[in-house]
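Structure assessment
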Amino acid sequence: MQHNMHIQEHIQLKSLNTLNLDSTASHYVQINHANEVIEALDFAKQNNLNVLVLSGGSNMLLPQYIQALVLHLNIQGVEVVREDNHTVTVNVGAGQSWPDFVLYTTKQQWFGLQNLALIPGLVGASPVQNIGAYGVEVGEFIESVQVYDRELGQFTFISSEDCKFAYRHSIFKDFPNRYIIVAVTFKLLKQADLKLNYGDLKQAVGDEQSAENLQKQVILIRQSKLPDPKEYPNVGSFFKNPVLSQMSFDKIAQQFPNIPHYPQANGSVKVAAGWLIDQTGWKGKQLGSVGMFHKQALVLVNYADATLTDVKNTYKAVQHDVKQKFSISLEPEPVLYDEQGLIQPHGE
């Protein structure tokens, strides 16, 4: 079979993951068109390689060496597929930059995604963990996701309902090796419906209640809290905010009455992981070349040439101290890969 795709060997992925971890892939290919996915999968099959789908690399923990074919999705394009008086439906390539796409929607006067401005990564990864910020989750605006279904051996559309969106979750998390996302279709609004549920955001937006100003304030708040990965390599929030039963929460709140918490619709209580970490003295603290950021304890930073082992040493120490003090187990948010390119559970 003639390959017009260029499969490369022994490629350093340091610049392709935002934590800047030293990681070499045995095989690597850039995918610029959806149909190349099939060719790449054929190559992997013939060479007995697992496939690791690399998007923007902003939510991954990679080992030092990966014996697998890394598919780097670079499918571009933003195309309006339908519009009526109230909505506009756009199909977007998986390789588009997410922050650039949000800015573009605002410029076009398409509304809904403004609260998700400046979240790093690519469009194709946005449905996977149903990215969310400031009271909005991307799943609310996704109509469907176009995927190559490896089990069925064909391209197909998965409707929003079938994506099973939940907090930091979707069907793509449940079946991590089944689907390769090539495009996402969004249904956006033509009239702005501003979501200002968060105190600091509401305050920042003030009287100038426009989508443009909302977006601007989201960007300013994020920039003030989260370090630029180019300056301080990171994957954003490193741990998920733990969700506790009301009973567990009440027990902890007796001892720590000022713990920041957010009651959930189902009766559980979400608590702020960053606060827990801060209370254990980890804010601005470093272990070797890896530490928790001095402005935001929830962000783990690679200050030098860290490997996955260095990262694990630091985050396990943080988990240990939080568990000791609060009896809460913190779960890392980024996805952990093994030497064969497969997703691993984090373990305690």
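Just so you know, the residues in each chain are numbered from 1, in the order the chain's sequence is written. Predicted model: local features are reported for residues with pLDDT of at least 70 only, side-chain atom pairs are reported and counted for 80 or more only, and whole-chain, interface and lining totals are derived from all residues. Side-chain metrics in this entry use all non-hydrogen atoms of the structure; hydrogen atoms and water are not considered.

Observations concerning the pairing of strand E5 (residues 65-73)
Worth spelling out the cut-off: Buried residues are those whose accessible area, probed at 1.4 Å on protein chains only, stays under 20% of the maximum for their type, while exposed residues exceed 50% and partly exposed ones sit between those limits. Each helix is a run of H or I in the DSSP string that is no shorter than four residues. Each strand is a run of E no shorter than two, and both are numbered from the N terminus. Pairing between strands is defined by DSSP: at least two bridges between the two strands are required.
Burial within E5 is extensive, with 7 of its 9 residues counted as buried. Where strand E2 (residues 24-31) meets E5, 7 bridges bridge the pair, whose relative direction is parallel. Residue pairing across strands places Ala25 opposite Ile66, the latter belonging to E5. As paired elements, strand E3 (residues 51-54) and E5 share 4 bridges and run parallel to each other.

Observations regarding the UniProt feature "active site" (unreviewed entry) in the chain
For clarity, the threshold we go by: UniProt positions are given in the numbering used here, feature names are shortened, and annotations may be inferred rather than shown by experiment. Any pair of residues with heavy atoms lying within 4.5 Å of one another is described as a contacting pair. Polar contacts here mean pairs of N or O atoms no more than 3.5 Å apart (in protein, one a potential hydrogen donor and the other a potential acceptor; neighbouring residues in sequence count only if both atoms are side-chain atoms).
UniProt's feature table lists "active site" (unreviewed entry) at Arg168, Ser237 and Glu333, given in the numbering used throughout. Spanning 166 residues, the annotated positions come together in the fold, the maximum distance between their C-alpha atoms being 11.9 Å. In this structure, Ser237 sits in strand E13 (residues 234-237). Contact partners of Ser237, with chain neighbours within four places excluded, come to Leu298 and Glu333. With respect to the helices and strands, the residue Glu333 is situated in the loop between helix H8 (308-326) and strand E20 (335-337). Taking the relative accessible area as the measure of exposure, Glu333 reaches 8% and is therefore buried. Beyond its immediate chain neighbours, meaning those up to four positions away, Glu333 contacts Asn59, Gln129, Arg168, Ser237, Phe238, Phe239 and Lys240. Here Arg168 takes part through its side chain, which lies 3.5 Å from a polar atom of the side chain of Glu333.

Points about unusual backbone geometry
Phi is positive for Gln109, close to 65°, though the residue is something other than glycine. Looking at where Gln109 falls in the secondary structure, it is placed in the loop between helix H2 (98-107) and strand E8 (132-133).

Quick word on the UniProt feature "domain: FAD-binding PCMH-type" (unreviewed entry) in the chain
Per the UniProt record, the feature "domain: FAD-binding PCMH-type" (unreviewed entry) sits at residues 21-191. Structurally, residues 21-191 comprises 15% helix and 38% strand, and the distance from its first C-alpha atom to its last is 42 Å.

Examining the sheet that holds strand E19 (residues 299-302)
Definition in use: Only C-alpha atoms enter the line fits that serve as axes; for helices the fit covers just the stretch in contact. Angles between N-to-C directions range over 0 to 180 degrees.
The antiparallel open sheet is built from 4 strands, whose spatial order is E13-E19-E18-E17. Two strands bound the open sheet, and with one partner strand each, they are E13 and strand E17 (286-287). Inspection of the sheet shows E13 paired to E19 by 2 bridges, in the antiparallel sense. Considered in E19, the bridge of Asn234 is made with Val301. Running over the sheet, H8 touches E17, strand E18 (290-292) and E19 and is turned about 35° from E18.

Points about the pairing of E19
By the alternation rule, side chains of E19 split into Val299 and Val301 and Leu300 and Asn302, which are all buried. Here E18 runs beside E19; their pairing, made up of 3 bridges, is antiparallel. Its bridge partner lying in E19, Met292 is registered against Leu300. The turn linking E18 back onto E19 is made up of 6 residues.

Some remarks on the side chain of Asn59
Take Asn59: it is sitting in the loop between E3 and strand E4 (60-61). Ignoring sequence-local partners within four residues, the contact set of Asn59 consists of Gln129, Val235, Glu333, Pro334 and Val335.

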